[in-house]
Amino acid sequence: MLVTSGRRRSLRLIAITAGEFDIDGMQGEINVGTHVWVGDPDLAWTDGIVVNIEGDEAEIQTSDGRMVVSNLSKMHPKDLEAPGGGVDDMTKLAYLHEPAVLHNLATRYGVNEIYTYSGDILIAVNPFQGLSNVYDACVMEKYKGAALGELSPHVFAIADIAYREMINEGKSNSILVSGESGAGKTETTKMLMRYLAYLGGHAGTAADGRTIEKQVLESNPVLEAFGNAKTVRNNNSSRFGKFVEIQFDNHGRISGAAIRTYLLERSRVCQISDPERNFHCFYLLCAAPQEEIERYKLGDPKSFHYLNQSSCHELVGVNDSHDYLATRKAMDIVGIKREEQDAIFRIVAAILHLGNIDFAKGEDDSSVVKDESEFHFRMTAELLMCDHQALQNALCKRVMVTPEEIIMKSLNPDAAAISRDGLAKTIYSRLFGWLVDKINASIGQDCHSQSLIGVLDIYGFESFKTNSFEQFCINFTNEKLQQHFNQHVFKLEQAEYRNEEIYWSYVDFVDNQDVLDLIEKKPTGIISLLDEACMFPKSTHETFAQKLYQTFKDNKRFIKPKLTRADFTIVHYAGEVQYQSDQFLDKNKDYIVPEHQDLLSASRCSFVACLFPSLSEETAKSSKFSSIGSRFKLQLQQLMDTLNSTEPHYIRCVKPNSELKPAIFENVNVLQQLRSCGVLEAIRVKCAGFPTRRSFSEFLRRFTLLAPEILQENYEENVACKWILEKAGLTGYQIGKTKVFLRGGQMAELDTRRVKVLGQSATVIQKQIRRHIARRHYIIMKRASIRIQANWRGKLCLGRLARELYQNIRRDAAAVKIQKNLLKQLARKRYNIIRSAAIVLQTGLRSMAAHNELLFRVKVQGQSATIIQKQIRRHIARRHYIIMKRASTRIQANWRGTLCLGRLARELYQNIKRDAAAVKIQKNLCREVARRRYNIVRSAAIVLQTGLRSMAARNELLFRVKVQGQSATVIQKQIRRHTARRHYIIMKWASTRIQANWRGKLCLGRLARELYQNTKRDAAAVKIQKNLRRQLARKRYNIVRSAAIVLQTALRSMAARNELLFRVKVQGQSATVIQKQIRKRIARRHYIIMKWASIRIQANWRGKFCLGRLARELYQNVKRDAAAVKIQKNLRRHLSRKRYDIVRHAAIVLQTGLRSMAACNELLFRVRTRATTIVQDERETDKIETEESTILESEKELVSVVAGEHNVVFPFFQETSSPPTIATLAAQVQKLKVLLLAEKRRADESERKLDETKQLSEKRGKKLEETENRVYKLQDSLNRLLYSMSDQFSQLKSILQSPPRTTSTSQPIVRDNSSSSDNSSSSSSNSSSLSPTLAPTSDNASAVDSSSPPSTPAPTSANASAVDSSSPPPTPAPTSANSSNVDPTAIEKGVQNHSATESAGSEKWESDKEGAFDDYF
């Protein structure tokens, strides 16, 4: 029964929740153990097994191990017989519900099968990667002429079926490609057009040889460059709708084509959000060749206002320079001339420069172009080829025509910026429209064509954080297309039911006509109300929103948000979308500003002028108001008329994940898209009728076991199917011509019955198999008993038994031989392991012995070298002493004979003595170095001894392992001997029994049983022995493995120690050689100096006696000695630094190599201790050097004294009047030493006093800070007390001004100024007048703390002295005694006196209460 009239009268509207199928019995029967799908918040649906059912709740164990509880009505059964790779058509699913559809898509996407059928609908999942051999020419040839469903799902199959229907039936077809941004609609459209060009190509060519199909395909890059942009969800999102009509002739060849576009997003030209991009053409032009960039004065995209609103300027994997050349090539193919291409990109450049024009405020609320924007202003005028002044007037002024006059109105800077953006959007929209018209004109339309295939590539449903007028129009389009889709699916269902000739009634489905009425119905639709608001000049978006609230307050599809005043929400078929209406009015207005029209129509560029042709006066008046919403509504209605006149085919594109990456399938995201594009609604329509359809053969193959009696006779397939359904007790099904149609849930019920039958059959099969096994075992045992009985009765020969016994003995001998060989092999293997370990151990011990011998030799050689050095130095020192003694004797003799040169000789002797002391110090230093080197070697030897002891422990462990291995061998030997003896006894006993039986003394049956028992015991013994051997082998393996690990650890530690000792030895030898060379050089130099000095002395003695020259030579010697001492000091410092480096390096090596041993910590501690000792020695050396410098200074003074004594002029000394004696010089030296010590003590005393002064000053500063804090606290408390007293005085005044018989509730408080000298008289009078009131009631009232204010009343307690001065004193309540003693006249007199006192100083008191109180304090 087909619906032919009344488009919506035959459709009963129902409301369901997306993703839920409200059909009775959809779940079928669910029992414990049933595999089901259950809802999951993260995965949408997850599979599991029902483990428990309580009422309407079921406990399910999911596949990932979780336990969840769900209602039975919210679960769906799972088909366990579904193919592992999924099915290529959703209608083939045993259970057609939401989780099954989602699981099937995910399964196919996992194996790179991106296309799946749902009846006649193709679902395409974007792979986000290139798939090889999917769109090749061979694939096109394979799908050419193939029926739908014959091959795997593909976009070529949809295009081929549309082409075949057009050729065979002569009816136009259309292919609707839909999906959200990033789902692959554009690429799918390209593949469709490519396949259609392959099928219907080469019908005709253009004048220059370009084919129509090539122009159609090459039009895509042009439209993408000017109509696509990067959005949040897609890098190449179409920001316009496109319907391509491909026209064919009678032979099925392409004869023409036309492109229609819908709703270009013009606002993107002037406003983009981060991280989106503007239209691609702007970035392509900025990446053009250098000569074109210089021609249009362009630069980096970041320098243009229309492009730098977002931080995204480049796309990953996209080359804008290459795309620019490709766009140019595509323009050539579609027939756009070079001159027109230059004009197009000149306009694009002009729009970029136009966006950089900024305005400043001029006179009388006008606007002018800023100076920094002058360059972009001139470039815009030059590129548009219009007058500069006219462009400025068009941007900054408006002409208002009234019946009386024409008024020129200036715009403020904000309005001028809006005018600038409006001009940019108008120019770009006109340019895009011209491109579409040019492409259509270039391709050419076939007016005589009767057949066409339309490909619709239009935006999918959009819902963002901010939704404006563009999203409203896009979702309105999707509502229209969804209604068309629902009606198409409904008709397909009707057609299939009609072809199968089954009885059916109207099927309910979700109709969105109420949403369409809300948007487009006249005169109360949203578009009509928007056009009405745009026609009123004073209308705003808020008034428009209020109008919507009043009109649709009772509409269930319209929702008013609670927290906004201008937003509204529409409940679309895919969900709720909240729209912001603040720009609806501006974006809906489509009329062009007359000033812009006049400016561009007067352009000197013919291309710009043709975009804005001049309008006649009547046309201008008639088109004064134009609405984008109304125009888009008209275009959409024309599109729907075209689609209704064609046979539609649907391709639903799905984006698997929001990250745009391959191999990621997000269930929740895909499920939402399936709901939005209507796939689940189509499934729901199928479920509302007969969701499960099976051919007769498939149905019988699966469910014949429910009625096995039909196999006994030759029934027809439809009769057999009906018999099975009737036997199952199902109702509501339908039997068609070739298929069985089942209601929702009936397939699950049949499967449940089938599982029960299979379970019962399995039970029967198991019972029969077990019976068969038991009977077979019984027969075998019966035969064995009969055979034994026969042997017992003597009917068989005993020779067979003897042969069997011989065979058993032979087998035992073979087993013993095998066991012997196995044990021999195991012993050899164990011996090889122990031998290898012993070899390794011997190698380690020998290497350690060699290292020990080497260390001993090094130690002995070092001691021998020390003895040799000591003897050589002693010999050198003795020889030097003899030479110097002879020289001194000679000098003394000469001095006594001629001059008294004793003093000079003594001075020379002092120098020699100092040199000897220096040599002695050097010798001691060398001895200390040798001693420290010996300590280092000794520490290394201790560490080595520790390692040897650990090695000895390991050797002992290995010895124990060896002993235990020998013990295990002895145990095994005993066990084998026991086993062999037992086997011998058994065999002997068996042979005795056999002989006895042979002689007739025993029964053969008993012998056989005993032989069986013996054999059984032997087998058990062999098994026990095998397990024991395995356990012993595992234990030996663990012991040897532990020993090997310990040995490896010891060898590694030995290697580290050997390396450390080798480095210490080499560095010690290097230090010894260096010290030897240095000492040799110092001794030689000293010898040369002394030899030279003796020669000079002899020469002077022989007749060249000039004391002045001798003194100068002596000075030079002293200077050289000082230099030598300095060199020695530097050498000592160098040696100390080198020793420190050696010790530091040794410490680092020890830390690295011996971290695992306890001895490392001790050695590291010793190394650090010695390093500290070396540092202290260096400090002592520095002190010695300081003393040497002091001695040098004394020597300089001595030389100066000697020079003055002998009247010798030195370069740096002054002459003295009289030469002092040696005693005088010694006295002066002693005096200088005493002065130096006194100055040193005085400096130490000064430093000590300075430290004491600093400490005393710090203590005083701390006390001062504490005193200041106390003063601040006291002052704060006094201020609070002052303000409380002033309040009490005011209360007292008010009490006294009241009638005289009124009783006061509190005692007055009077400020006492007795401590102030200025107010002594007034304070005394006040105190005398108020004495009855303020008298303390206690005897020790005089003990009140003096730090508290005097105005505070004395407390009545006995311990009044404990009152805290920092807290405000409480006002004491009068007692009965006090109240009886109070004199009212005294109180009035006191208050009057106090008032008089305050009136005298009221000015000062009111100006600064705190200052007055400070004076008082």
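Model, not experiment: these values are computed from the prediction.

Q: Quick one: what's the story with the environment of F128, residue by residue and with numbers?
A: Of note, F128 is situated in the loop between strand 7 (121-125) and helix 2 (137-143). Taking the C-alpha atoms as reference, F128 lies 9.7 Å from I664; in sequence the two are 536 residues apart. In this view, F128 contacts G182, K655, P656, N657, L660, K661 and P662; residues no more than four positions away in its chain are not counted.

Q: Before we move on, can you summarise the pairing of strand 6 (residues 115-118) with the specific residues and values?
A: Side chains Y115 and Y117 project from strand 6 onto one buried face, and the interleaved T116 and S118 project onto a second face that is buried too. Of the strand pairs in this sheet, strand 6 and strand 7 are connected by 4 bridges, and their pairing is antiparallel. Among the inter-strand pairings, T116 is bridged to a residue of strand 7, identified as I123. Between strand 6 and strand 7, which pair antiparallel in sequence order, lie 2 residues; one of them, G119, sits at a positive phi of approximately 75°.

Q: Run through the confidence of the model for the protein chain, naming residues and quoting values.
A: For the protein chain, per-residue confidence averages 76 on the pLDDT scale, and residues scoring 70 or more make up 75% of the total. The model gives residues 617-623 a pLDDT under 50, and that stretch makes 1 contact with residues more than four places away or in other chains. With pLDDT under 50 throughout, residues 1299-1417 is counted as low confidence; its partners more than four residues away or in other chains account for 109 contacts.

Q: Explain the environment of P83 to me, using residue names and the numbers behind them.
A: Counting through the fold element by element, P83 comes out in the loop between strand 5 (76-77) and helix 1 (98-110). Given a relative accessible area of 45%, P83 falls into the partly exposed group.

Q: Before we move on, can you summarise a nonpolar patch on the surface with the specific residues and values?
A: Taken together, V399, V401, I406 and M408 make up a surface patch of nonpolar side chains, about 410 Å² in accessible area. The set of elements that each furnish at least two residues to the nonpolar patch consists of strand 15 (397-401) and strand 16 (406-410). By secondary structure assignment, the location of V401 is in strand 15.

Q: A description of helix 4 (residues 185-199) should follow, citing residues and the corresponding values.
A: Structural remark: α-helix, 3.6 residues per turn; residues separated by three or four positions point the same way. Helix length check: helix 4, at 15 residues, gives a terminal C-alpha distance of 21 Å against a target of 21 Å (1.5 Å per residue), a fit within 8%. Of all 15 residues making up helix 4, 11 are buried, and the element is well covered by its neighbours. Turning to helix 4, its buried residues number three or more, namely K185, T186, T188, T189, M191, L192, M193, Y195, L196, A197 and L199.

Q: Residues and numbers for the packing of aromatic side chains, please.
A: Applying the stated criterion across every chain, the model contains 25 aromatic pairs. Ring geometry for F461 and Y573: centres 5.9 Å apart, planes at 65°, overall edge-to-face. With F461 in the loop between strand 17 (451-457) and helix 13 (469-500) and Y573 in the loop between strand 19 (567-572) and strand 20 (575-580), the pair connects residues that are 112 residues apart, well separated along the chain. Each ring, one from F472 and one from F584, has its centre 5.8 Å from the other, and the planes form 55°; the classification is tilted. Residue F472 is located in helix 13, and its partner F584 is located in helix 17 (residues 584-588); the two are separated by 112 residues in the primary sequence.

Q: Kindly report on the pattern of salt bridges, identifying the contributing residues and their values.
A: The full count for this structure, using the stated rule, is 36 salt bridges. Between R328 and E292 there is a salt bridge, and its shortest N-O distance comes to 3.4 Å. Taken together, the residues R328 in helix 8 (residues 320-334) and E292 in helix 7 (residues 290-296) connect sequence positions 36 residues apart. Each member of the pair, R328 as well as E292, is classed as buried. Salt bridges here are not isolated pairs; linked through shared partners, they connect D79, E81, R702, D751 and R754.

Q: Let's hear about the environment of R398: which residues, and what values?
A: The topology assignment puts R398 in strand 15. The class of R398 is buried, set by a relative accessible area of 18%. Expressed as a C-alpha distance, the spacing of R398 and S410, which sit 12 residues apart in the sequence, is 6.4 Å. When neighbours within four sequence positions are excluded, R398 is seen to be in contact with I407, M408, K409, L411, S419, V593, E595 and H596.

Q: Please provide a residue-by-residue account of the sheet that holds strand 18 (residues 558-559), values included.
A: Within a sheet, each strand pairs with its neighbour through backbone hydrogen bonds, oriented either parallel or antiparallel. Read across the sheet, 3 strands follow the order 18-19-20 without closing on themselves; strand pairing throughout is antiparallel. Here the strands that pair on one side only, and so sit at the sheet edges, are strand 18 and strand 20. Where strand 19 lies against strand 20, 6 bridges are found, and the strand directions are antiparallel. From the neighbouring strand, D567 faces strand 20, where its bridge partner is Q580. Its contacts with the sheet place helix 13 against strand 19 and strand 20, and it is angled at close to 150° to strand 20. Where helix 14 (residues 513-520) meets the sheet, it contacts strand 18 and strand 19, and its direction lies at approximately 150° from that of strand 19.

Reading the values: rules and limits
- Residues numbered from 1 in each chain as written.
- Predicted model: local features only at pLDDT ≥ 70, side-chain atom pairs only at ≥ 80, totals over all residues.
- Heavy atoms only, no water.
- Helix = DSSP H or I, 4+ residues; strand = E, 2+ residues; numbered from the N terminus.
- Contact = heavy atoms within 4.5 Å.
- Buried < 20%, exposed > 50% of the residue type's maximum accessible area, 1.4 Å probe, protein only.
- Pairing = 2+ DSSP bridges.
- pLDDT = per-residue confidence, 0-100.
- Patch = residues over 30% accessible without salt bridge, like charges linked within 9 Å, V, L, I, M, F, W, Y side chains within 5 Å.
- Areas by Shrake-Rupley, 256 points an atom, 1.4 Å probe, with all protein chains shown as cover.
- Salt bridge = Lys/Arg side-chain N within 4 Å of Asp/Glu carboxyl O.
- Expected span 1.5 Å × (residues − 1).
- Phe/Tyr/Trp six-rings, centres within 6.5 Å; stacked < 30°, edge-to-face > 60°.
- Axes fitted to C-alpha atoms, helices over the stretch in contact; angles between N-to-C directions.

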